[in-house]
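Residue-level structural notes
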Amino acid sequence: MARRISKSKSIDTRTEEEQQQDRARRLRYGGPWAITALGPVLVEGAHVAVSGNPAALALATLGIAGTGAALCKFLGHLDSKAKRDKDTVRLHQVNTVAVTAAATLGTITGLDTAATAGTWAIGGVGLALANNLWSSFHKKGSEKGASRWEKLEAEIGLAKHELKEAKSNGKGTVIATVEGKDGATADELARRIPAMASALKLGKGRITHTVDDDDSSLITMRVQVADLLKEGFPWRGPSAFGASIGDVPIRTGRYEDGEDLLLNLTGQLRDPGPLSNGNVEHAIAMGVNGAGKTQGNQLIITECCTRTEVSVIVIDCSKFQQDFGHVRHGIEWPIDKKDAARRFFKILPTAIEKRTDFLAAKGLSKWEPGCGLNFLVVIGEEAADFAADNEHYQKILRTARAAGIWILTSIQRATHNNMDTDSRANSPAGLCFGLRDGADAQYCLPDEAIDAGAWPQWGNRKPGYHYAAGLGIPEERWHVTARTELASKRDQADAVTAGAAIRTPLDTITAEAFGDLYVNRTTYDAPLLPKEEGGDNTVQQAAPAPAAPPASPAVETSPAYSGPPDEEMDDVDEETMAAEVEELNEMLKNVLEEDPEPGQYDHLRIQDEIEPPAEDAPVLSLGGDVDDADKLSSEQGRQELYARLDTWVREGKNSFAPRDVTDILMRLGLSDSKRWFYRERDRLIKAEVISVDESDEGFGRYDILRSPLSGNHGE
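Here goes a summary of the coordinates provided. Here the structure is a predicted model, which means the values were calculated and not measured.

1. As for the pairing of strand E3 (residues 207–211)
One ladder, built from 5 bridges, connects E3 with strand E4 (residues 218–224); its direction is antiparallel. Considered in E4, the bridge of Val211 is made with Ile219. Linking E3 to E4, which pair antiparallel, is a turn of 6 residues.

2. Notes on the nonpolar core
With 91 residues, the main nonpolar core has Ile300, Phe344, Trp406 and Phe514 as its most contacted residues. Residue contributions to this core peak at 8 residues, all from helix H8 (residues 338–361). Contact partners of Phe344, with chain neighbours within four places excluded, come to Ile313, Ile315, Trp333, Ile335, Val378, Phe514 and Leu517.

3. Quick notes on the sheet that holds strand E1 (residues 161–168)
The strand order E1-E2-E4-E3 describes an open sheet built from 4 strands, whose pairing is antiparallel. Each edge of the open sheet is held by one strand with a lone partner, namely E1 and E3. Adjacent strand axes in the sheet meet at a mean angle of 25° when their direction is disregarded.

4. A few points about the packing of helix H6 (residues 293–305) against helix H13 (residues 489–499)
Viewed as axis vectors pointing N to C, H6 and H13 meet at an angle of 25°, and their least axial separation amounts to 8 Å. Considering their axes alone, H6 and H13 lie roughly parallel with respect to each other. Handedness of the H6/H13 crossing: left-handed. The residues of H13 that touch H6, namely those facing Gln298, Leu299, Thr302 and Cys305, are Gln492, Ala495, Val496 and Gly499. Classifying every residue of the contact of H6 with H13 by side-chain character gives 4 nonpolar, 4 polar and no charged.

5. Thoughts on the sheet that holds strand E12 (residues 429–432)
One open sheet holds the 10 strands; their spatial order is E6-E5-E14-E13-E12-E7-E11-E10-E8-E9, and the pairing between them is mixed. With partners counted over all chains shown, the strands left at the sheet margins are strand E6 (260–263) and strand E9 (333–335), one partner each. Strand-to-strand twist of the sheet, defined as the mean angle between neighbouring strand axes without regard to direction, takes the value 25°. Both strand E8 (residues 310–316) and E9 contribute to a ladder of 3 bridges, which runs parallel.

6. Examining empty space enclosed by the protein
Remark: the empty space left among the atoms is shown by a probe the size of a water molecule rolled over them. Evaluation of the coordinates by the stated rule reveals 2 cavities of 30 Å³ or more. Empty space within the largest cavity amounts to approximately 60 Å³. Along its surface, the largest cavity is lined by Thr252, Leu261, Leu263, Ala285, Lys293, Gly296, Asn297, Ile300, Leu431, Phe433, His466 and Thr484. For the lining of the largest cavity, the secondary structure elements donating two or more residues are E6 and H6. Looking at the lining of the largest cavity, its residues break down into 6 nonpolar, 5 polar and 1 charged. Here the second largest cavity is characterised by a volume of approximately 30 Å³. With 4 residues, the top contributor of residues to the lining of the second largest cavity is helix H20 (residues 673–686). Taken together, the residues of the lining of the second largest cavity break down into 5 nonpolar, no polar and 2 charged.

Calculation notes
- Residues numbered from 1 in each chain as written.
- Predicted model: local features only at pLDDT ≥ 70, side-chain atom pairs only at ≥ 80, totals over all residues.
- Heavy atoms only, no water.
- Pairing = 2+ DSSP bridges.
- Helix = DSSP H or I, 4+ residues; strand = E, 2+ residues; numbered from the N terminus.
- Core = buried A, V, L, I, M, F, W, Y, C linked by side-chain atoms within 4.5 Å.
- Buried < 20%, exposed > 50% of the residue type's maximum accessible area, 1.4 Å probe, protein only.
- Contact = heavy atoms within 4.5 Å.
- Axes fitted to C-alpha atoms, helices over the stretch in contact; angles between N-to-C directions.
- Parallel < 35°, antiparallel > 145°, perpendicular 65-115°, else oblique.
- Left-handed = near helix turned anticlockwise from the far one by under 90°.
- Nonpolar A, V, L, I, M, F, W, Y, C, P; charged D, E, K, R; others polar.
- 1 Å grid on protein atoms, 1.4 Å probe; cavity = no way out; pocket = protein on both sides within 12 Å on 5 of 7 lines; lining within 4 Å.
- Points joined across faces, edges and corners; volume = space filled by probe spheres on them.

Structure below.
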């Protein structure tokens, strides 16, 4: 019986991709050997065909050489488009040149002799082995170098995002260009960044990204693989000593990639450098206690105090001397009391109006260097003390930038209960230091910085670390971590002291607009430093006249009114205290003996008449009657009130209550002196001489903003 022989067909269970990879591997390893084995047949055939005709031989060799050169160039173009590494490009060029040269020479000489055939065999075998070895070892090296991105593609789903180019700046930062394929978006990549950071063993916020403005499929990823800010950078001194604040930006620190952190406060600079020109952008400096906000503000003050055409006003109602005592002698107007800050923000709109009128008269829509006005830098430290629910603060932020005034609101957390939302909206720039919750960065940084990956959730563990956005900084650097330079108080104080020779005195327009508040301000002529660091401390000095240069000695005026002085009890001995107590007891005893007994009128009933007092009984006078000679007319009362307010301003008294002018009201020859007072009060408020005290403890009181006799308001 015959056996039926059947052949079963084998089934390939590999995927199409695996089959293609297998075919490519066979071609990669077998191709060089096929060229070595079959090449001689083709070359010898070409030699036999054209060797008898010199013209044909010349044309054939030229054709082969030209084809090889064109193939070499075309292959180089393909390698460039495919972004292949330099070693692979060199391999392709060597193979193409070697095959072209062998085919050309073989066509001319032929391979029918032992010498030519041996040369071909030796060269072909060597080249084939070199290609096989390259394919084996270079592939392993490539897989090792690209394994991280390939793992990311496989593990966290980045198949639609192709890594086009990656390069390191040599300072711990890798910049990678990623292209989204088949409609992949940057948002999809951003959602995978936390997983990417985990796979690469990097901290949160160390991978950021930006999208190309012209091609949304191109994404630039910035990976910070090393923290070069950990050791900090020593302060290099003022960035442009003696230059105008409108010449070049100020420098306050460095980015993690080693670039300088520059700020454009004025909006317009003659030489902005890497920054852009635009408008004044008020800023918020936010961070937890100990995150480094104050040190950053100190550097800004030092930079401004070593420039021209700029004046610095610092408001710190909590600890001015502790925070800014070492640079206080460079500050044009230090404000360290809440009531003084409140009055400053009430009078600042007048200064804004005067400054904008001055600029408009010169045909300027914004402050420019050389315009005749000093640029004003107003730094509000611990701004929650005065920025919350401050209507004047909101209005100022809306109008100050056109007048050449930059306001920095320094606050721990710029939430609505600490800073009005309108005030926050009018402060588009941000300096965000360490936060307890990284999500709070939304109160300080623009959405673009947060979307790109800015995440300052390091609290006060990294003092001086921060993000900077706005102020002319390119948007692609808003999410790059920076750190303020490390400057000692001694060095900053020396720089500010040297700057006294070049600082520009406050312009007359602004000084007159601030009026008596500016004239009666307190200034300092020397820094406040610890004795072991800077020598003896200096005493407080009153302010010079507005027109006097800052370097001149301060002129003493009456000290600011602060109520009755506190009595010092530490030096009173026990014997003196005992004697005073005994004397007080004796006085009380005499008073009690002179008073009638409580039961003296117990026998009286409600319907009984009380006996009239004796003729010699003392009479209590309430002061209601005034002699006709002492009575005042309405105009005389007004002049008396203005003179009283002027005296208070000169004495440094900054507020009053209606009871403080009762003696004037009682002398008025009017039937309704109360109504007269309210009319005069409204007139003075309208003239911005006084204002209502809106503080919790100021009910029924009025702030004195300036003397009513200054200007023509007293006429």
